[in-house]
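The primary structure of each chain is shown beneath.
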Protein chains: 2
Amino acid sequence: MDLKQIAKDTAKVMSSYLTYQAMRIVVSQLNETNPPLAYWLQNFSATANLQNGEAYIETLLQEKPDLAIRIMTVREHIAEEVTEFLPEMVLTGIMQANIDHRKRYLERAVTGLPLLDSTPETETEPGSG
Amino acid sequence: MDLKQIAKDTAKVMSSYLTYQAMRIVVSQLNETNPPLAYWLQNFSATANLQNGEAYIETLLQEKPDLAIRIMTVREHIAEEVTEFLPEMVLTGIMQANIDHRKRYLERAVTGLPLLDSTPETETEPGSG
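Every residue gets a number counted from 1 within its own chain, in the order that chain's sequence is written. Written order determines the labels here, with chains lettered from A and ligands numbered from 1. Owing to the predicted nature of the model, reporting of local features is limited to residues with pLDDT of at least 70; listing and counting of side-chain atom pairs is limited to 80 or more, with chain, interface and lining totals taken over all residues. Side-chain figures throughout are based on the complete set of non-hydrogen atoms in the structure, without hydrogens or water.

## What to know about the overall build of chain A
Okay, so step 1: In this text, helices come from DSSP runs of H or I with a minimum length of four residues, and strands from runs of E with a minimum of two, each type numbered from the N-terminal end. Secondary structure assignment for chain A yields five helices and zero strands.
Okay, so step 2: Secondary structure elements of chain A occur, N-terminal to C-terminal, as α-α-α-α-α.
Okay, so step 3: Contacts in chain A between residues at least 24 apart in sequence constitute 55% of all its contacts with a sequence separation of at least 6. A contact between two residues is defined here by any heavy atoms of the two lying within 4.5 Å.

## Section: the relation of the copies chain B and chain A
Okay, so step 1: Superposing chain B onto chain A requires a rotation of 180° together with a translation of 0.0 Å along the rotation axis, leaving an RMSD of 0.1 Å. Each copy turns onto its partner about a two-fold axis. Minimal C-alpha separation from the rotation axis in chain B is found for methionine 14 of chain B, amounting to 3.5 Å.
Okay, so step 2: Mapped onto chain A, 92% of the interface residues of chain B are again interface residues, and the two copies thus contact each other with one and the same surface. For this overlay, a least-squares fit was computed on C-alpha atoms, restricted to residues scoring pLDDT of at least 70 in both copies.

## Examining the packing of helix α1 (residues 3-33) of chain A against helix α4 (residues 65-82) of chain B
A pair of packed helices is characterised by two quantities: the angle between their axes and the separation of those axes.
Okay, so step 1: An axis is simply a line fitted to the C-alpha atoms; with a helix, the fit covers only the stretch in contact. Between two such axes, the angle follows the N-to-C directions and lies from 0 to 180 degrees. Running from N to C, α1 of chain A and α4 of chain B cross one another at 80°; their axes reach a closest spacing of 10 Å. Judged by the angle between their axes, α1 of chain A and α4 of chain B are roughly perpendicular. When α1 of chain A is examined against α4 of chain B, the residues Leu3, Ile6 and Ala7 of chain A are found in contact with a partner set consisting of Ile78, Glu81 and Val82 of chain B.
Okay, so step 2: In the scheme used here, Gly and all other residues not listed as nonpolar or charged are polar, with Ala, Val, Leu, Ile, Met, Phe, Trp, Tyr, Cys and Pro taken as nonpolar and Asp, Glu, Lys and Arg as charged. When grouped by side-chain class, the residues that make up the contact of α1 of chain A with α4 of chain B number five nonpolar, no polar and one charged. Should an angle fall under 35 degrees it is taken as roughly parallel, and over 145 as roughly antiparallel, whereas 65 to 115 is taken as roughly perpendicular and any remaining angle as oblique.

## Regarding the interface of chain B and chain A
Okay, so step 1: Facing the 53 residues of chain B at the interface are 53 residues of chain A.
Okay, so step 2: Buried area: the accessible area, evaluated with a 1.4 Å probe, that two parts lose upon being put together, summed over both parts. Together, the buried faces of chain B and chain A total about 5,100 Å²; carbon and sulfur atoms form 72% of this surface.
Okay, so step 3: Salt bridges are counted wherever a side-chain nitrogen of Lys or Arg sits within 4 Å of a carboxyl oxygen of Asp or Glu. Put simply, chain B and chain A have four salt bridges between them.
Okay, so step 4: We define a polar contact as two N or O atoms separated by no more than 3.5 Å, with the added condition that, inside protein, one atom must be a possible hydrogen donor and the other a possible acceptor, whereas residues neighbouring each other in sequence contribute only through side-chain atom pairs. Viewed at the interface, chain A and chain B are joined by 14 residue pairs in polar contact (both at pLDDT 80 or more).
Okay, so step 5: Across the side of chain B that touches chain A, the residue classes tally to 30 nonpolar, 10 polar and 13 charged.

## A closer look at helix α3 (residues 53-63) of chain A
Okay, so step 1: Along α3 of chain A, the positions that sit buried rather than exposed are Gly53, Tyr56, Ile57, Glu58, Leu60 and Leu61 of chain A.
Okay, so step 2: For α3 of chain A, the N-terminal capping position is held by asparagine 52 of chain A, with its side-chain oxygen 3.1 Å away from the main-chain nitrogen of glutamate 54 of chain A. Exposure categories follow from relative accessible area, calculated using a 1.4 Å probe and restricted to protein chains: below 20% of the type maximum is buried, above 50% is exposed, and the middle band is partly exposed.

## Overview of the nonpolar core
What tends to happen in soluble globular proteins is that the nonpolar side chains get buried as a cluster.
Okay, so step 1: Definition of nonpolar core: a set of buried residues of the types Ala, Val, Leu, Ile, Met, Phe, Trp, Tyr and Cys, connected through side-chain atoms within 4.5 Å. One finds Leu41, Tyr56 and Ile71 of chain A together with Leu41, Tyr56 and Ile71 of chain B to be the most contacted residues of the largest nonpolar core, which totals 65 residues.
Okay, so step 2: Leave out the neighbours within four places in its chain, and isoleucine 71 of chain A touches Thr19, Ala22, Met23, Val26, Leu41, Tyr56, Ile57 and Leu60 of chain A.

## A word on the pattern of salt bridges
Okay, so step 1: Under the definition given, this model contains six salt bridges over all chains.
Okay, so step 2: The salt bridge partner of arginine 104 of chain A is glutamate 58 of chain B, with a shortest N-O separation of 3.1 Å. Here arginine 104 of chain A is found in helix α5 (residues 86-118), whereas its partner glutamate 58 of chain B is found in helix α3 (residues 53-63) on a different chain.
Okay, so step 3: Overall, the relative accessible area of 36% leaves arginine 104 of chain A in the partly exposed class.
Okay, so step 4: The exposure class of glutamate 58 of chain B is buried, given its relative accessible area of 17%.
Okay, so step 5: Across the salt bridge formed by arginine 75 of chain B and glutamate 54 of chain B, the nearest N and O atoms sit 3.1 Å from each other.

## With respect to the side chain of threonine 10 of chain A
All names here are of chain A.
Okay, so step 1: Along the chain, the position of threonine 10 falls in helix α1.
Okay, so step 2: A relative accessible area of 0% places threonine 10 in the buried class.
Okay, so step 3: Separated by 2.6 Å, the side chain of threonine 10 and the backbone oxygen of isoleucine 6 make a polar contact.

## What about helix α4 (residues 65-82) of chain A?
Okay, so step 1: Any helix carries an expected span of 1.5 Å times its number of residues minus one. Across its 18 residues, α4 of chain A extends 26 Å between first and last C-alpha, which sits within 8% of the 26 Å expected from 1.5 Å per residue.
Okay, so step 2: Among the residues making up α4 of chain A, those that are buried are Pro65, Leu67, Ala68, Ile71, Met72, Val74, Arg75, Glu76, Ile78, Ala79 and Val82 of chain A.

## Brief notes about the environment of valine 26 of chain A
All names here are of chain A.
Okay, so step 1: Tracing the sequence through the fold places valine 26 in helix α1.
Okay, so step 2: Sequence spacing of valine 26 and alanine 68 is 42 residues, and the spatial spacing of their C-alpha atoms is 10.0 Å.
Okay, so step 3: With near-sequence residues (within four places) excluded, valine 26 lies in contact with Leu41, Leu67, Arg70, Ile71 and Val74.

## Structural notes on the packing of α3 of chain B against α4 of chain B
Residues and elements named next belong to chain B.
Okay, so step 1: Their axes nearest at 6 Å, the elements α3 and α4 cross at an angle of 145°. Where α3 abuts α4, its residues Glu54, Tyr56, Ile57, Leu60, Leu61 and Glu63 lie against Pro65, Leu67, Ala68, Ile69, Ile71, Met72 and Arg75.
Okay, so step 2: Split into classes, the residues belonging to the contact of α3 with α4 amount to 10 nonpolar, no polar and three charged.

## Thoughts on the confidence of the model for chain A
All names here are of chain A.
Okay, so step 1: pLDDT is defined as a per-residue confidence score from the predictor, taking values between 0 and 100. Summary statistics for chain A give a mean pLDDT of 89 and a share of 87% for residues scoring 70 or more.
Okay, so step 2: Contacts of residues 115-129 to residues separated by more than four positions or lying in other chains number six contacts, the stretch itself having pLDDT below 50.
Okay, so step 3: Two numbers describe this predicted complex: its pTM, 0.83, and its ipTM, 0.83.

Right under this line is the structure:
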């Protein structure tokens, strides 16, 4: 389990996701001030590779530098505002979700027990034992 | 700009991504101990909706509860180990990437300028005089 690599990959995914959120904010701002440009950015973003935030910015810089710089500014602002809360949110979110999943699974198991008991065990897992 | 909603959405994306990473770890562990089950989990994960980590766990709980519980345990462990480092990694990552993009953009702009300015009009018409 290479935790360092996982941390790096997760940071990259987060960074790309914040770039996507920044693009959405800029589109919504442009809808008020310059609808044709909003439309252009929306179309561009639908075809560009937003899974890779840096590649997206790089391509947009060549097409419309002003928009790319605006999205860069917005994503930095979002990152400053929200990232500090994420560790707590993600950790408690996962812990709570795990508890909920286990609870629902146990409830189903308990409700289903008599049914499961009367079913002969025919399934065998490959390679088990 | 609804920063609270963006934080919530980002946390959800991160949680799903850590679920995906946990699945990969479990697949790689099973490759050592139970290759057919590793193969099964890999196939299951290729068709299941891993964009939504909770829906993925829910479906897996119904198919192979042991594997779902194992992935839940692993993702909680990863979250405990890596999330605290992410704010700093993401923020400095975005700031550095923004600087790099701006630098490359300016370099291209500057490199383009002298060439355009200094290119003398040397073309002479053939056969003149």
